[in-house]
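Listed below are the residues making up each chain.
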Number of protein chains: 2
Amino acid sequence: MRPGYDADRPDSPRCARAYLLRVAEPPAPALAAFVAEHGPVAAAERVREQRVPEAVARETSARRELVLAAEDLAAAARAGARLIIPEDEEWPAWPLLCLEVATGRGVRDVATPLALWARGNATLDRVTDRAVAVVGARAATGYGEHTSAEFGYGLAERGMTVFSGAAYGVDGAAHRGALAGGGATVAVLGCALDAGYPAGHIGLCNRIAEHGLVLSEYPPGTPPARHRFLVRNRLIAALTAGSVVVEAGARSGARNTAATAGALGKVVMAVPGPVGSATSVGCHQLIRGGEATLVASVADVLDTVGSIGTDLRPEVDHPRRSTDGLGPQALRVHETLGTRKGKSPERIATESGVPVARVRAILPALELDGLSARCESGWRRAREAGRAP
Amino acid sequence: MRPGYDADRPDSPRCARAYLLRVAEPPAPALAAFVAEHGPVAAAERVREQRVPEAVARETSARRELVLAAEDLAAAARAGARLIIPEDEEWPAWPLLCLEVATGRGVRDVATPLALWARGNATLDRVTDRAVAVVGARAATGYGEHTSAEFGYGLAERGMTVFSGAAYGVDGAAHRGALAGGGATVAVLGCALDAGYPAGHIGLCNRIAEHGLVLSEYPPGTPPARHRFLVRNRLIAALTAGSVVVEAGARSGARNTAATAGALGKVVMAVPGPVGSATSVGCHQLIRGGEATLVASVADVLDTVGSIGTDLRPEVDHPRRSTDGLGPQALRVHETLGTRKGKSPERIATESGVPVARVRAILPALELDGLSARCESGWRRAREAGRAP
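Residues numbered from 1 in each chain as written. Chains lettered and ligands numbered in written order. Predicted model: local features only at pLDDT ≥ 70, side-chain atom pairs only at ≥ 80, totals over all residues. Heavy atoms only, no water.

Draft legend 1. Here's a closer look at the overall build of chain A. In terms of helices and strands, chain A carries 17 helices and 11 strands. For chain A, whose C-alpha radius of gyration is 30 Å, the value lies well above the compact-globule estimate of 21 Å for 389 residues. C-alpha extents for chain A along the principal axes are approximately 105 × 40 × 40 Å. Buried residues in chain A amount to 54% of all 389 residues. The long-range share in chain A, meaning contacts at least 24 apart out of those at least 6 apart in sequence, stands at 73%. Carbon and sulfur atoms form 52% of the exposed surface of chain A, whose accessible area is close to 16900 Å². Between the mean site of the 45 positive side-chain charges and the mean site of the 42 negative ones, chain A shows a separation of 8 Å. (Helix = DSSP H or I, 4+ residues; strand = E, 2+ residues; numbered from the N terminus. Rg over C-alpha atoms; globule rule 2.2 N^0.38 Å. Buried < 20%, exposed > 50% of the residue type's maximum accessible area, 1.4 Å probe, protein only. Contact = heavy atoms within 4.5 Å. Areas by Shrake-Rupley, 256 points an atom, 1.4 Å probe, with all protein chains shown as cover. Lys, Arg positive; Asp, Glu negative; His and termini not counted. Charge placed at Lys NZ, Arg CZ, Asp CG, Glu CD.)

In structure tokens, the structure reads:
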């Protein structure tokens, strides 16, 4: 279904879910279970009428009288946004399943969202197909912003959607890098789409919407709040194959990101930095504690998430030395050779400790490999012309 | 015994070992076993007379006529050096035992040294008591040299002896840092004590000798060579609780250092750096591949060698000889390991369903039990052969 399709029918699933998003502060696990059991329309009706189990009441009683679904859907439509609901084809049911599974296992605060407000030209199930999150410190260093932009660019170039949180610092640089790389990028907010936060990124969010999506669970007008960023993190983790933490201080959201992603069975990656840098402390802690895998390049990221997804990293071409194929005795003989003056096999044997009979056999073999040369006074090292491929 | 004590007696163990060090290029596993069986004096006599098994002959025939023990000991004495032999009280028998154990397990090129040329005021068994190696690239960046010096200083200040290789770059900075921190530091060379290599570090080596030791297996006059640095690395690994790699390029000795230390059951640590830095690539690869633990501070190093390092001393009689004693997670990890190709901890985690942090802890434990082995591509199952009853 396309945006607004059933927005005018007050008994539609879309209106019901818009109402429930307004009423319950995410995550609302009891309400999510209640909706799954009764369907959104009946669940919304019973919430309005307060005919709900106590756990659901605790999540909905504070705002149940805010019957603003029509207004919220109209405001969203005016701002070019839509409400994506589980009944829509583009709902990313499979990526979000991990939230349900984790909640069932007793993980707290990772309830499935009831619906998602969205602004942008991309289709949600498409952009979650090959997605990686790039997140990190707002107070990033130049190194952090540069690295984040490089990762965003490289991932976009390789067809990955870059998810982040549209914050200053690492997040913004990741989105910008992805846009520069010509890829889709998705911002998941900890406030309403129309909250205009952060103020300096309104233009960035407009550009993101042109090439991707801006997402939020929060109804129009909801301001940002610290707990909302943490709650939002579960969506970024769920909708991606893994999260890359680019810079993070010792006390930062990075640990929350890692814990959430870990609980959802997603890969956590962290980018190292100089050991003196306060904004790399969190990354180093995650790696050292085994909570995150070190990634130093886009290839590392693809390799890490690829072991779960479909990407295969191309074999790295290690630069080869011409002496790479030599055995230990041949190496010792080669080491002993001078570059100018020749040496007799006997002298080479004495200096290398390799028996002279072996030396006599090794020297012509080295010559065939272009590594030794005969001269008037014996044998010397050949010029490094013959580099192996 | 003190330096020169029995140097004048041609049938003394010291003269015998000085002769054997001159004759055989280390590592000489057959000769080491031959000496262990017959004692140094009888072994030296039989080498001179060529009455030795073929394997020993291969290691000694090229130089067996160089009967220079008295000359070498005299030259050393003139230079203020001594030959430390296993018959001396200061011989670090316990730290070096891991070389014998590893050789017995089939690890190549880690034979026990026959003796060690030493210059300096420290006592060898004392300086190996609480020792950490700090090693890395010769072509270090300012960041690498600074970090190395900081680590050397901090470790020395906390009473650790800093081992390194006296090379330019990271090694030199580590020694200088340790000296500045008022601690003992030990340089292990890949050439003779009198080779004057590297030329710019002659003064540094003199200062090291005042506060620690300069060590070498190589008899007077032996020039440096690439294979000698690799062979030397086993001594640095054996004589320390763990090795810190500060900077290392993609193709560097770091992999050798890590492989050697790993084979000897020692902890390998690596310092991260900016992801764009070519001299941090090797460190990041080691951490990412699970071959090294990330250390971002001296506290991290002490934590790592303190909790794992001392426990990792090889045990000759280990009680666990099969998978019988393993817990359920360790069993699942072991089941996942292949017998030939290595797998990354991440892949093992994915395949076994055991969290990657647990996998990282389990793999070294399995290694101690002789059930897993490190290889270039990660971890594989250890061969069941060679298990003593």
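Draft legend 2. Region of interest: the packing of aromatic side chains. All names here are of chain A. Scanning all chains against the criterion turns up 2 aromatic pairs over all chains. Seen from their ring centres, Tyr197 and Phe229 are 6.1 Å apart, and the 40° between their planes marks the pair as tilted. Here Tyr197, found in the loop between strand E5 (185-188) and helix H10 (202-211), pairs with Phe229, found in helix H11 (residues 226-238); they are 32 residues apart in sequence, far enough to count as distant. Among the residues examined, Tyr197 registers a relative accessible area of 33% and is labelled partly exposed. (Phe/Tyr/Trp six-rings, centres within 6.5 Å; stacked < 30°, edge-to-face > 60°.)

Draft legend 3. Local environment of the nonpolar core. Of all hydrophobic cores here, the largest spans 123 residues; its most connected members are Leu155(A), Val244(A) and Val244(B). Leave out the neighbours within four places in its chain, and Val244(B) touches Val132(B), Ala133(B), Val134(B), Val135(B), Phe151(B), Met269(B), Val271(B), Val295(B) and Val301(B). Ile85(A), Leu114(A), Trp117(A) and Leu204(A) belong to the second-largest nonpolar core, a separate cluster that totals 40 residues. (Core = buried A, V, L, I, M, F, W, Y, C linked by side-chain atoms within 4.5 Å.)

Draft legend 4. Region of the structure containing the UniProt feature "domain: Smf/DprA SLOG" (unreviewed entry) in chain A. According to UniProt, the positions carrying the feature "domain: Smf/DprA SLOG" (unreviewed entry) are residues 83-305 of chain A. For the annotated span residues 83-305 of chain A, helix accounts for 41% and strand for 15% of the residues, and the straight-line distance between the end C-alpha atoms is 30 Å. (UniProt positions renumbered as here; feature names shortened; annotations may be inferred.)

Draft legend 5. Geometry of the sheet that holds strand E4 (residues 161-164) of chain B. All names here are of chain B. A sheet is described by the order of its strands in space; here 9 strands give the open sequence E1-E2-E6-E5-E4-E3-E7-E8-E9, paired in mixed fashion. Every interior strand has two partners, whereas the edge strands, strand E1 (81-84) and strand E9 (293-294), have only one. Lying over the sheet, helix H1 (residues 13-23) contacts E1 and strand E2 (116-119), oriented at roughly 95° with respect to E1. Seen against the sheet, helix H11 (residues 226-238) touches E2, strand E3 (131-135), E4, strand E5 (185-188) and strand E7 (242-245) and runs at an angle of roughly 155° to E5. (Pairing = 2+ DSSP bridges. Axes fitted to C-alpha atoms, helices over the stretch in contact; angles between N-to-C directions.)

Draft legend 6. Summary view of the sheet that holds strand E7 (residues 242-245) of chain A. All names here are of chain A. Reading across from one edge, E1-E2-E6-E5-E4-E3-E7-E8-E9 is the order of the 9 strands in this open sheet, with mixed pairing throughout. Two strands bound the open sheet, and with one partner strand each, they are strand E1 (81-84) and strand E9 (293-294). Pairing analysis gives 3 bridges linking strand E2 (residues 116-119) to strand E6 (residues 213-216), with the strands arranged antiparallel. Directly across from Arg119, in E6, lies its bridge partner Val214.

Draft legend 7. Inspection of the interface of chain B and chain A at higher detail. Across the contact, 35 residues belong to chain B and 38 residues belong to chain A. Its largest share of buried area at the contact with chain A, chain B owes to Arg251(B), Val275(B) and Arg288(B), together 25% of the area lost on that side. Across the salt bridge formed by Asp303(B) and Arg288(A), the nearest N and O atoms sit 3.0 Å from each other. Counting residues per element, the ones that place at least two in the side of chain B that touches chain A are helix H4 (54-60), helix H8 (142-157), H11, helix H13 (281-288), E9, helix H14 (298-307) and helix H17 (356-368) of chain B. Looking at which element gives the most residues to the side of chain B that touches chain A, the answer is H13(B), with 4 residues. (Buried area = accessible area lost by both parts, 1.4 Å probe. Salt bridge = Lys/Arg side-chain N within 4 Å of Asp/Glu carboxyl O.)

Draft legend 8. Region of the structure containing the domain arrangement of chain A. Along its sequence, chain A is organised into domain 1 (120-306) and domain 2 (328-381). The C-alpha-based centres of domain 1 of chain A and domain 2 of chain A are spaced at 57 Å. (Domains from an automatic or database assignment.)

Draft legend 9. Representation of helix H6 (residues 93-104) of chain A within the structure. All names here are of chain A. With 12 residues, H6 should cover 16 Å at 1.5 Å per step; its first-to-last C-alpha distance of 16 Å lies within 8% of that length. When we look at burial in H6, the residues that qualify are Pro95, Leu96, Cys98, Leu99 and Ala102. Buried positions in H6, seen along its axis, are confined to an arc of 125° and lie on one side of it. For H6, the exposed residues set more than 90 degrees away from the buried face come down to Trp94, Glu100 and Gly104. Looking at the buried residues of H6, the elements they touch are H11 and helix H12 (254-263). (Expected span 1.5 Å × (residues − 1). Arc of directions from axis to C-beta.)

Draft legend 10. Looking closely at the pattern of salt bridges. Throughout the structure, instances matching the rule amount to 32 salt bridges over all chains. Arg82(A) is the partner of Glu90(A) in a salt bridge, and the nearest nitrogen-oxygen pair spans 3.1 Å. Here Glu90(A) falls in the buried class, since its relative accessible area comes to 5%. Given the relative accessible area of 7%, Arg82(A) is considered buried. Among the ionic pairs, Arg234(B) bridges to Glu217(B), the shortest N-O distance being 2.9 Å. Of the two residues, Arg234(B) is situated in helix H11 and Glu217(B) in the loop between strand E6 (213-216) and H11; the sequence distance between them amounts to 17 residues. Of the two residues, Arg234(B) and Glu217(B), neither departs from the other in class, the shared state being buried. Overlapping salt bridges bring together Glu25(A), Arg63(A) and Arg228(A) as one network.

Draft legend 11. Seen up close, H13(B). Burial analysis of H13(B) places 6 of its 8 residues in the buried class, the great majority of the element. Looking at the residues trailing H13(B), positive phi occurs at Gly290(B), about 75°.

Draft legend 12. The confidence of the model for chain A, seen in detail. Residue and element names in this part refer to chain A. Mean pLDDT over chain A works out to 89, with 92% of the residues at or above the 70 mark. Between residues 308-319, whose pLDDT stays under 50, and residues either more than four places distant or in other chains, the model counts 14 contacts. Here residues 385-389 is a poorly scored stretch, pLDDT under 50, and it has 6 contacts once near neighbours within four places are set aside; other chains count. (pLDDT = per-residue confidence, 0-100.)

Draft legend 13. Main features of the pairing of E2(B). All names here are of chain B. With burial as the criterion, each face of E2 is covered, one bearing Leu116 and Ala118 and the other bearing Trp117 and Arg119. As paired strands, E1 and E2 are joined by 4 bridges and run antiparallel to one another. Along E2, the bridge assignment pairs Ala81 with Arg119.

Draft legend 14. Seen up close, the packing of helix H15 (residues 328-336) of chain A against helix H16 (residues 345-352) of chain A. Residues and elements named next belong to chain A. At a minimum axis distance of 9 Å, the contact between H15 and H16 shows a crossing angle of 110°. In terms of orientation, H15 and H16 fall into the roughly perpendicular class. Where H15 crosses over H16, the two elements pack in a sense that is right-handed. Each of Arg332, Val333 and Thr336 in H15 lies in contact with H16, whose residues at this interface are Ile348, Glu351 and Ser352. The residue inventory of the contact of H15 with H16, partitioned by class, reads 2 nonpolar, 2 polar and 2 charged. (Parallel < 35°, antiparallel > 145°, perpendicular 65-115°, else oblique. Left-handed = near helix turned anticlockwise from the far one by under 90°. Nonpolar A, V, L, I, M, F, W, Y, C, P; charged D, E, K, R; others polar.)

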